[in-house]
Amino acid sequence: MTAEHPPEDLQSLPVAEFAFPGPLRDKLVAAVLDGSKTSTTGLVADYEACGDPIPRVGDRSVVIDSEGRNVAILEVTGIVICPLDQVDLQHALDEGEGHASVLDWRKDHEEYWHSPAMREALKDPGFTVNEETLVVLERFRVVSVLTAGRGKMDG
């Protein structure tokens, strides 16, 4: 499933960024590449703050690593928008982060969502989540793994 794509094809795709650059992104990208991560969770508030549309089934994006290199092309296979308290164990497991319970999954995600970096990205220094916070549960598949380092994304 490794492929090379002309840079112009990749530049037409939106970028998929898992977490902020650094160890967490590296861990998540590795999980995508090894197939253990097939879902992710985003905040509706984050999509709104960034002005990004919520993904739709069939959408494709290019995953970048912490260095901004294109590493894979993903295709969305499912989208559910629901309150945070409706995230189920299967979704938590499919995130590929090693959580054995929804409680553990939620603890880690709340820590991330309440981080200074996330609050800055949301432009809300007091942002917190609660049971009713709307989240986007995204399922995806890897369409292709890209040759390492090809077509570094700008910006």
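Values in this document were obtained by computation on a predicted structure and should not be read as measured data.

### Re unusual backbone geometry
Phi angles above zero are rare outside glycine, and Ala19 is one such case at about 60 degrees. One non-glycine residue with positive phi stands out, namely Lys123, at about 55 degrees. Inspection of the secondary structure assignment puts Lys123 in the loop between helix H6 (116–121) and strand E6 (134–146). On the accessibility criterion, Lys123 (68% relative accessible area) is exposed.

### Section: the side chain of Glu95
Relative to the helices and strands, Glu95 resides in the loop between helix H4 (89–94) and helix H5 (102–113). One polar contact links Glu95 to His109, side chain to side chain, over a distance of 2.9 Å.

### Some words on H5
Along an α-helix, residues three or four apart share an orientation, since each turn contains 3.6 residues. The first and last C-alpha atoms of H5 sit 16 Å apart over twelve residues, in line with the 16 Å expected at 1.5 Å per residue. Taken together, the buried positions of H5 are Trp105, Arg106, His109 and Trp113. End-on view of H5: buried residues confined to an arc of 95 degrees, all on one side of the axis. Set apart from the buried face of H5 by more than 90 degrees, the exposed residues are Leu103, Lys107 and Glu111. Check the buried side of H5 and you find it contacts strand E3 (39–43), H4, H6 and E6.

### Description of the packing of aromatic side chains
Counted according to the given criterion, the structure contains three aromatic pairs. Ring geometry for Phe20 and Tyr112: centres 5.7 Å apart, planes at 40 degrees, overall tilted. Here Phe20, found in the loop between strand E2 (15–16) and helix H2 (23–34), pairs with Tyr112, found in helix H5; they are 92 residues apart in sequence, far enough to count as distant. Pairing Trp105 with Trp113 gives two aromatic rings, centres 6.3 Å apart and planes at 85 degrees, and the pair type is edge-to-face. Residue Trp113 is classed as buried on the basis of its relative accessible area of 2%.

### Section: the pairing of strand E5 (residues 70–83)
With five bridges joining them, strand E4 (residues 60–64) and E5 adopt antiparallel strand pairing. Looking at E5, one finds that Ser61 is bridged to Leu74. The antiparallel hairpin formed by E4 and E5 contains five residues in its connecting segment, where Gly68 sits at a positive phi of about 85 degrees. In the sheet, E5 pairs with E6 via eleven bridges, with the strands oriented antiparallel. The partner of Ala72 across the bridge, within E6, is Val145.

Cut-offs applied
- Residues numbered from 1 in each chain as written.
- Predicted model: local features only at pLDDT ≥ 70, side-chain atom pairs only at ≥ 80, totals over all residues.
- Heavy atoms only, no water.
- Helix = DSSP H or I, 4+ residues; strand = E, 2+ residues; numbered from the N terminus.
- Buried < 20%, exposed > 50% of the residue type's maximum accessible area, 1.4 Å probe, protein only.
- Polar contact = N/O pair within 3.5 Å; in protein donor to acceptor, adjacent residues only side chain to side chain.
- Expected span 1.5 Å × (residues − 1).
- Arc of directions from axis to C-beta.
- Contact = heavy atoms within 4.5 Å.
- Phe/Tyr/Trp six-rings, centres within 6.5 Å; stacked < 30°, edge-to-face > 60°.
- Pairing = 2+ DSSP bridges.

Geometric descriptors of this kind do not, in isolation, establish any biological role.
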